[in-house]
Amino acid sequence: MSMFGAMDTAATGVHLGRVWMDAVSDNIANLDTVRPAGQEPFRARLVIAQDRAGQAGVAVRGIALKSGDPVVVYDPENPLADEGGYVTRPQVDLSEEMTHMLVAQRLYQANLAMIQQARDTYTSALQIGQGR
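These numbers were taken from a predicted model, which means no experiment stands behind them.

Analysis parameters
Residues numbered from 1 in each chain as written. Predicted model: local features only at pLDDT ≥ 70, side-chain atom pairs only at ≥ 80, totals over all residues. Heavy atoms only, no water. Helix = DSSP H or I, 4+ residues; strand = E, 2+ residues; numbered from the N terminus. Buried < 20%, exposed > 50% of the residue type's maximum accessible area, 1.4 Å probe, protein only. Expected span 1.5 Å × (residues − 1). Pairing = 2+ DSSP bridges. Patch = residues over 30% accessible without salt bridge, like charges linked within 9 Å, V, L, I, M, F, W, Y side chains within 5 Å. Areas by Shrake-Rupley, 256 points an atom, 1.4 Å probe, with all protein chains shown as cover. Salt bridge = Lys/Arg side-chain N within 4 Å of Asp/Glu carboxyl O. Phe/Tyr/Trp six-rings, centres within 6.5 Å; stacked < 30°, edge-to-face > 60°. Polar contact = N/O pair within 3.5 Å; in protein donor to acceptor, adjacent residues only side chain to side chain. Contact = heavy atoms within 4.5 Å.

Focus on the overall build of the protein chain
Item 1. Counting its regular elements, the protein chain contains two helices and five strands.
Item 2. When its helices and strands are written in sequence order, the protein chain yields α-β-β-β-β-β-α.
Item 3. Counting only C-alpha atoms, the protein chain reaches 80 × 30 × 20 Å along its principal axes.
Item 4. Sorting the 132 residues of the protein chain into buried and exposed places 24% on the buried side.

See the structure below:
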């Protein structure tokens with residue numbers, strides 16, 4: 001581990017939190033995105049995290065799409081409705097996304113606080129070394 005290992009490790013958590021919040025915000029933005037019946041719906045993006053082999057911290061392994069059967073609803077007034085008046089709803093659950101957003105924000109904030117604490121500790125150590 002490097003001299004600034006705590007900061008490096010926390011930086012990986014900040015990155016994961018940012019990617020996760022980006023995915024959640026994209027999911028929420030597409031909450032009402034409908035498509036004509038028979039077309040693939042918008043699927044929520046799910047961030048996949050993994051440990052960094054042999055290193056401290058976490059890495060973003062990739063983005064998966066939420067699975068499940070498409071939900072087709074009758075909405076003849078929608079301009080995207082097919083000939084029968086049906087549209088496909090997105091695979092996004094607002095309550096689930098809000099929970100994910102809260103967890104991702106806490107992850108981000110906790111790791112930023114860790115970086116600040118490590119920086120303050122390193123600064124204090126340097127000041128001790130200077131005889132202050």
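Quick notes on helix H1 (residues 5-29)
Item 1. In this model H1 runs 36 Å from its N-terminal to its C-terminal C-alpha over 25 residues, within 8% of the 36 Å that 1.5 Å per residue would give.
Item 2. Taken together, the buried positions of H1 are Gly5, Ala10, Thr12, Gly13, Val14, Leu16, Gly17, Val19, Met21, Ala23, Val24 and Asn27.

Observations concerning the sheet that holds strand S1 (residues 35-36)
Remark on secondary structure: sheet strands pair via backbone hydrogen bonds, oriented parallel or antiparallel.
Item 1. Within the open sheet, the three strands sit side by side as S1-S5-S4. Their pairing is antiparallel. The outermost strands of the open sheet, each flanked by one partner alone, are S1 and strand S4 (71-74).

Regarding the environment of Ala59
Item 1. By the element assignment, Ala59 lies in strand S3 (residues 58-65).
Item 2. Once the C-alpha coordinates of Ala59 and His15 are considered, the two residues, 44 residues apart in sequence, prove to be 8.2 Å apart.

A word on a nonpolar patch on the surface
Item 1. A contiguous nonpolar patch, built from Val72, Tyr74 and Tyr86 and spanning about 310 Å² of accessible area, is present on the exposed surface.
Item 2. Position of Val72 among the secondary structure elements: in strand S4.
Item 3. You can call Val72 partly exposed: its relative accessible area is 42%.

A look at the pattern of salt bridges
Item 1. For the coordinates displayed, the defined rule picks out six salt bridges.
Item 2. Across the pair Lys66 and Glu96 runs a salt bridge, and its minimum N-O distance is 3.5 Å. Of this pair, Lys66 sits in the loop between S3 and S4 while Glu96 sits in helix H2 (residues 94-129), placing them 30 residues apart in sequence.
Item 3. Residues Asp120 and Arg119 are paired through a salt bridge, measuring 3.7 Å at the closest nitrogen-oxygen approach.
Item 4. Arg119 sits in the partly exposed class, given a relative accessible area of 45%.

A word on the packing of aromatic side chains
Item 1. Overall, the coordinates contain one aromatic pair when judged by the stated rule.
Item 2. Seen in terms of ring centroids, Tyr74 and Tyr86 are 5.3 Å apart; in terms of plane orientation they differ by 65°. Their pairing is edge-to-face. Linking Tyr74 in strand S4 with Tyr86 in strand S5 (residues 86-89), this pair joins segments that are 12 residues apart in sequence.
Item 3. Tyr86 gets classed as partly exposed once you look at its relative accessible area, which sits at 37%.

Brief notes about the side chain of Asn78
Item 1. In this structure, Asn78 sits in the loop between S4 and S5.
Item 2. A distance of 2.8 Å separates a polar atom in the side chain of Asn78 from the backbone nitrogen of Leu80.

Looking at the side chain of Thr12
Item 1. Checked against the element boundaries, Thr12 lands in helix H1.
Item 2. For Thr12, a relative accessible area of 10% corresponds to the buried category.
Item 3. Among the polar contacts made by the side chain of Thr12, one reaches the main-chain amide nitrogen of Val58 at a distance of 3.1 Å.
Item 4. If near-sequence neighbours (up to four positions away) are discounted, Thr12 is found in contact with Arg52, Gly57 and Val58.

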